[in-house]
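Structural overview for review
Each chain is listed here by its residues.
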Protein chains: 4
Amino acid sequence: MPKRTFNRLDEEKKERVIRAAIEEFQAHGFEKAKIEIIAQNAEVAKGSIYQYFDDKKELFLYSVTWALNYFMMVIDRQTPLKEMDVYDYFLSGNRERFELLKKEPLLVAFSTDIASGKYGNLTKEANDELNRIGEEYELKLIANGKKRGTIRNDLDDSILLLFFQGVTEKFTAVIMAKAKEFEGELTEEQLNEVESLLKSMVTLLKQGMER
Amino acid sequence: MPKRTFNRLDEEKKERVIRAAIEEFQAHGFEKAKIEIIAQNAEVAKGSIYQYFDDKKELFLYSVTWALNYFMMVIDRQTPLKEMDVYDYFLSGNRERFELLKKEPLLVAFSTDIASGKYGNLTKEANDELNRIGEEYELKLIANGKKRGTIRNDLDDSILLLFFQGVTEKFTAVIMAKAKEFEGELTEEQLNEVESLLKSMVTLLKQGMER
Amino acid sequence: MPKRTFNRLDEEKKERVIRAAIEEFQAHGFEKAKIEIIAQNAEVAKGSIYQYFDDKKELFLYSVTWALNYFMMVIDRQTPLKEMDVYDYFLSGNRERFELLKKEPLLVAFSTDIASGKYGNLTKEANDELNRIGEEYELKLIANGKKRGTIRNDLDDSILLLFFQGVTEKFTAVIMAKAKEFEGELTEEQLNEVESLLKSMVTLLKQGMER
Amino acid sequence: MPKRTFNRLDEEKKERVIRAAIEEFQAHGFEKAKIEIIAQNAEVAKGSIYQYFDDKKELFLYSVTWALNYFMMVIDRQTPLKEMDVYDYFLSGNRERFELLKKEPLLVAFSTDIASGKYGNLTKEANDELNRIGEEYELKLIANGKKRGTIRNDLDDSILLLFFQGVTEKFTAVIMAKAKEFEGELTEEQLNEVESLLKSMVTLLKQGMER
DNA sequence: CATGAATGAGAATTCATTCAT
DNA sequence: GATGAATGAATTCTCATTCAT
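Labelled according to an unreviewed UniProt entry, chain A appears under the name TetR/AcrR family transcriptional regulator, originating from Paenibacillus oceani.

Shown next as structure tokens:
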């Protein structure tokens, strides 16, 4: 949806603009975010923003998808092997994932706000899509677990999904918060803390769901 | 924090004003909510709003505490007997609670938005307070459970708290959504659906946490 | 179509606003007319204009109907007696009419521009209505003339209407121009000039149309 | 007044640019016409327009003279023989003239708007010139008629001119409108309609003016 | 106390024109 | 000569807040 003018820009400039936008939207919300500030921070003329996007809303929406793309790359729910145990998923590749999160506190904060519904209807579409993708994957995990006999089958999939989501979202949120809070290089200690959190989470998930 | 003029108003008018405010804030968010519309819907002059409150923000903040008071009355984390079993808490008094939720979809929606952080820093204080109260209560429940040997003690209280919050918040959100969606008188069927949800939740909580 | 706020204003202020608007629109056209200038000239705050009218266009449209009302009062095609001879209509009450025109050069100029189609589609509606009214009246005059045998009946009414309109519009335009150009009190000489014009016009109309 | 760069262009491109300009000016008026759209429709870069003309106004003015040239070629008030009877002028060469009008509805519309003063002061100069030329010619016709005794001499030339202009302009406008409205090849029927109009006009002119 | 008209700072958006490539 | 991205002045419109009645 950006105008062709934007797409023709070199990558560096495009990213500068979007990051400036995300920073402003994240800091002040959609309504109070000022195009002028975004332009300034992107070192671009105010009018140029309007050569790139129809209006503030479109700039915002594009920033959202841009951030969510990054976010999904990190979460990466598509890749996990089908044969991977339901619970092991969370325990693999954490160092890389967490380092990505630490590197991009701004995107993490923005994505978190989007996921939490802070932008209301504006991001409804993007959000629904994101949720649909996650849910689909999670339901498959649950169904698999039931089939292999590792997950209790006295409860509906939808109930187990709620449980699964509730637990993982909460722990994810805490981990995101830690990513923002940790400064400098990722230390072993920090990583251990995160892995410990995930291990506990998996333990609880497992015990709650297993038959 | 409202001005003395507001407090002198008769209850009916006060409520009319606050409900009009909540409706507008809930529908359009803080920034886009218009004082003019609030005044109109409350059948009060625009200027009067400023006789009652210093500014838009104060009106909003007061509306928040007003709604949260109602909400807390419903959730009612203060009352449960200390001796009540951790899990039984959720299974008692549901009919009354759910009926209250059904009766006030607006307040439910508003409170939900506040709790979800939709209003950002504006409600930070109120939110933190609310969270602190809930957390304190929940930690006590966990400590109690551990003492009585009903809750596993291989995990930190803080970890168990995350688990507990994650699960209960998710199920609560679903129940809130159902409250909004159910129309007319509360039917047995509807109540059963809610109770079934809660029972499943408690089962999962129990199995996950128990030793 | 103005907002209720405008209607509640005292007449003097309403007129001040509309005249300021007409002056600006007439001088610079719709696009280049600046709300700020209108407000200044009406000695009113810029924002107030927007309390009175939804937007620039509405202010313009209201100005148009306001001016046309005045104009129609002057032209006054409704009153002439049914029995009055077709041609005599133009020769009566000229002093009063012309004095009105002289008193309001701004309104005359504005109305002339509207009638000439200078504002394009913006005034299409108002214009069509005005033309419809005039035409209806003129067709009646022609039909009457034919019935009484004073007008040739070898030509269609529509053709005679074109002729009638062409001649009267041209002479009217010249008279309007004179109204703008004449300064100070209306002199006998000026009036004579106008009446002479009208007499010539009637002569030509008569001779062209009569059987 | 266009820059030398424009004159060096091949005829086809020049015409493409001017026609695109006329289309846009005619459709939206001078102020709202966008250079960008003109460039697009002319399949030329926006910047190129500024290689051809100093600014928007110059492009407009050039478009005006370009259109008026075409228009005058059609109206062709220069050619009629001095000895041709005043009224016969309108009755000759109509097929060719009308076909030209039908072929170029855009130019007709644009020229009509110019003549009607829709562009205000912008075209004042061009307009005045056009009127001066027409008027000069018409006055000569009148003077001739008076000399030969075919036109009444109890009225001033200037009065007769008004009459003549009023009638001919009105009928011309109607014919222009028909040109726009008629689609496809020029049919005999359409031509008859136009000639009938002109004949009626001449009849009325004659009867009104003759002695 | 109630009322609602007045105010003007502030933000989004537009687009003619420039200019580096 | 052609191109189209960059620029920013200019303008419309919004709305919280004030204040005279």
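With that settled, consider the overall build of chain A. Each helix and strand in chain A was counted, giving 10 helices and 0 strands. If you list the helices and strands of chain A from N to C, you get α-α-α-α-α-α-α-α-α-α. The C-alpha extent of chain A, read off along each of the three principal axes, is 60 × 35 × 30 Å. Within the span of chain A, comprising 211 residues, buried residues form 30% of the whole. Considering only residue pairs separated by 6 or more positions, chain A has 69% of its internal contacts joining residues 24 or more positions apart.

Not every one of the 35 residues close to DNA strand F is listed here, only the nearest: A:Ala45, A:Gly47, B:Asp55, D:Thr5 and D:Gly47. Grouping the amino acids of the surface near DNA strand F by side-chain chemistry returns 9 nonpolar, 10 polar and 16 charged.

Structural alignment of chain D on chain C gives an RMSD of 0.1 Å, achieved by rotating through 180 degrees and translating 0.1 Å along the axis. Given the turn and translation reported, the copies of this chain are related as if by a two-fold rotation axis.

Residue and element names in this part refer to chain B. The terminal C-alpha atoms of helix 8 (residues 124–148), which comprises 25 residues, lie 35 Å apart, in line with the 36 Å expected from a rise of 1.5 Å per residue. For helix 8, the full list of buried residues reads Leu130, Leu141, Ile142 and Gly145. The positive-phi residue at the C-terminal boundary of helix 8 is Gly149, with phi of around 80 degrees.

Moving on to the UniProt feature "DNA-binding region" (unreviewed entry) in chain A. Mapped onto this numbering, the UniProt entry gives "DNA-binding region" (unreviewed entry) at residues 34–53 of chain A. Taken end to end, residues 34–53 of chain A is 70% helix and 0% strand, and its first and last C-alpha atoms sit 14 Å apart.

The partner chain C presents 22 residues to the 22 residues of chain D that form the contact. Mapped onto the side of chain D that touches chain C, the elements with two or more residues apiece are helix 2 (11–32), helix 9 (157–181) and helix 10 (188–209) of chain D. Counting residues per element, the side of chain D that touches chain C draws most heavily on helix 9 of chain D, which supplies 10 residues. The residue inventory of the side of chain D that touches chain C, partitioned by class, reads 8 nonpolar, 9 polar and 5 charged.

Attention shifts here to the protein's contact with DNA strand E. Residues in contact with DNA strand E amount to 33 residues; listed here are only the nearest, B:Ala45, B:Gly47, C:Ala45, C:Gly47 and D:Asp55. Contributions of two or more residues to the surface near DNA strand E are made by helix 3 (35–41) and helix 4 (46–52) of chain A, helix 1 (4–8) and helix 4 (46–52) of chain B, helix 4 (46–52) of chain C together with helix 3 (35–41) and helix 4 (46–52) of chain D. A class-by-class count of the residues in the surface near DNA strand E yields 8 nonpolar, 10 polar and 15 charged.

Attention now moves to the nonpolar core. Counting 97 residues, the largest nonpolar core has A:Phe163, A:Val167, A:Met201, B:Phe163, B:Val167 and B:Met201 as the members making the most contacts within it. Counting 96 residues, the second-largest nonpolar core is a separate cluster that includes C:Tyr52, C:Phe71, D:Leu130 and D:Ile151.

Without any contact between them, chain B and chain C keep their closest C-alpha atoms 12 Å apart. The closest approach of any C-alpha atom in chain A to one in chain D is 12 Å; the two make no contact.

A few words on the relation of the copies chain B and chain A. Mapping chain B onto chain A calls for a rotation angle of 180 degrees and an axial translation of 0.0 Å; the resulting RMSD is 0.1 Å. Looking at chain B, 100% of its interface residues are interface residues in chain A too, so the copies touch through the same face.

Time to look at the environment of B:Leu162. Looking at the element boundaries, B:Leu162 is found in helix 9 (residues 157–181). In the structure, B:Leu162 is positioned 27 residues away from B:Glu135 in sequence and 9.8 Å away in space, judged by C-alpha atoms.

Residues and elements named next belong to chain A. Each assigned domain of chain A is listed with its residue range as follows: domain 1 (1–54) and domain 2 (76–209). Taking the mean C-alpha position of each, domain 1 and domain 2 sit 31 Å from one another. Counting from both sides, the interface comprises 4 residues of domain 1 and, opposite them, 7 residues of domain 2. Residues belonging to the side of domain 1 that touches domain 2 are distributed by class as follows: 2 nonpolar, 1 polar and 1 charged.

Residues of chain A with pLDDT of at least 70 account for 93%, and the chain-wide mean is 87. The least confident element of chain A is helix 6 (residues 94–103) of chain A, whose mean pLDDT is 82; the most confident is helix 4 of chain A, at 97.

Turning next to the interface of chain B and chain A. Taken together, the 22 residues of chain B in the interface contact 22 residues of chain A. Broken down by secondary-structure element, the contributors of at least two residues to the side of chain B that touches chain A are helix 2 (11–32), helix 9 and helix 10 (188–209) of chain B. Here the element with the most residues in the side of chain B that touches chain A is helix 9 of chain B; it accounts for 10 residues. In the side of chain B that touches chain A, the residues fall into 8 nonpolar, 9 polar and 5 charged.

Another aspect to go through is unusual backbone geometry. Residues and elements named next belong to chain A. Despite not being glycine, Glu43 has its phi angle at roughly 55 degrees, a positive value. Turning to its location among the elements, Glu43 is positioned in the loop between helix 3 and helix 4. The class for Glu43 is exposed, based on 10 C-beta atoms found within 10 Å.

Right, let's get into the environment of B:Ala173. All names here are of chain B. Turning to its location among the elements, Ala173 is positioned in helix 9. For Ala173, a count of 16 C-beta atoms within 10 Å puts it in the partly exposed group. Distance in space between the C-alpha atoms of Ala173 and Thr112 is 7.9 Å, their sequence separation being 61 residues.

Turning next to the packing of helix 9 (residues 157–181) of chain A against helix 10 (residues 188–209) of chain A. Residues and elements named next belong to chain A. The geometry of helix 9 relative to helix 10 is characterised by a closest axis approach of 11 Å and an angle of 170 degrees between their N-to-C directions. Taken together, the axis directions place helix 9 and helix 10 in an arrangement best described as roughly antiparallel. Between helix 9, through Leu160, Phe163, Phe164, Val167, Phe171, Val174, Ile175 and Lys178, and helix 10, the contact on the second element is made entirely by Glu193, Val194, Leu197, Leu198, Met201, Leu204, Leu205, Gly208 and Met209. Class assignment for the residues of the contact of helix 9 with helix 10 results in 14 nonpolar, 1 polar and 2 charged.

This part covers the packing of helix 6 of chain A against helix 10 of chain A. Residues and elements named next belong to chain A. Relative orientation of the contacting elements helix 6 and helix 10 amounts to 115 degrees, with a least axis distance of 11 Å. Put simply, helix 6 runs roughly perpendicular to helix 10. With respect to the hand of their crossing, helix 6 and helix 10 are arranged in right-handed fashion. Side by side, helix 6 and helix 10 meet where Asn94, Arg95 and Phe98 of the first sit next to Leu191, Val194, Glu195 and Leu198 of the second. A class-by-class count of the residues in the contact of helix 6 with helix 10 yields 4 nonpolar, 1 polar and 2 charged.

Quick look at the environment of B:Ala21 now. Residue and element names in this part refer to chain B. Relative to the helices and strands, Ala21 is located in helix 2. Through-space distance from the C-alpha of Ala21 to that of Gly47 is 14 Å; in sequence the pair is 26 residues apart. Each residue touching Ala21, except ones within four places of it in the same chain, is listed here: Ile38, Leu59 and Ser63.

What counts and what doesn't
- Residues numbered from 1 in each chain as written.
- Chains lettered and ligands numbered in written order.
- Predicted model: local features only at pLDDT ≥ 70, side-chain atom pairs only at ≥ 80, totals over all residues.
- Helix = DSSP H or I, 4+ residues; strand = E, 2+ residues; numbered from the N terminus.
- Buried ≥ 20, exposed ≤ 12 C-beta atoms within 10 Å, placed from the backbone.
- Contact = placed C-beta atoms within 7 Å.
- Near = placed C-beta within 6 Å.
- Nonpolar A, V, L, I, M, F, W, Y, C, P; charged D, E, K, R; others polar.
- Least-squares fit on C-alpha atoms with pLDDT ≥ 70 in both.
- Expected span 1.5 Å × (residues − 1).
- UniProt positions renumbered as here; feature names shortened; annotations may be inferred.
- Core = buried A, V, L, I, M, F, W, Y, C linked by C-beta atoms within 7 Å.
- Domains from an automatic or database assignment.
- pLDDT = per-residue confidence, 0-100.
- Axes fitted to C-alpha atoms, helices over the stretch in contact; angles between N-to-C directions.
- Parallel < 35°, antiparallel > 145°, perpendicular 65-115°, else oblique.
- Left-handed = near helix turned anticlockwise from the far one by under 90°.

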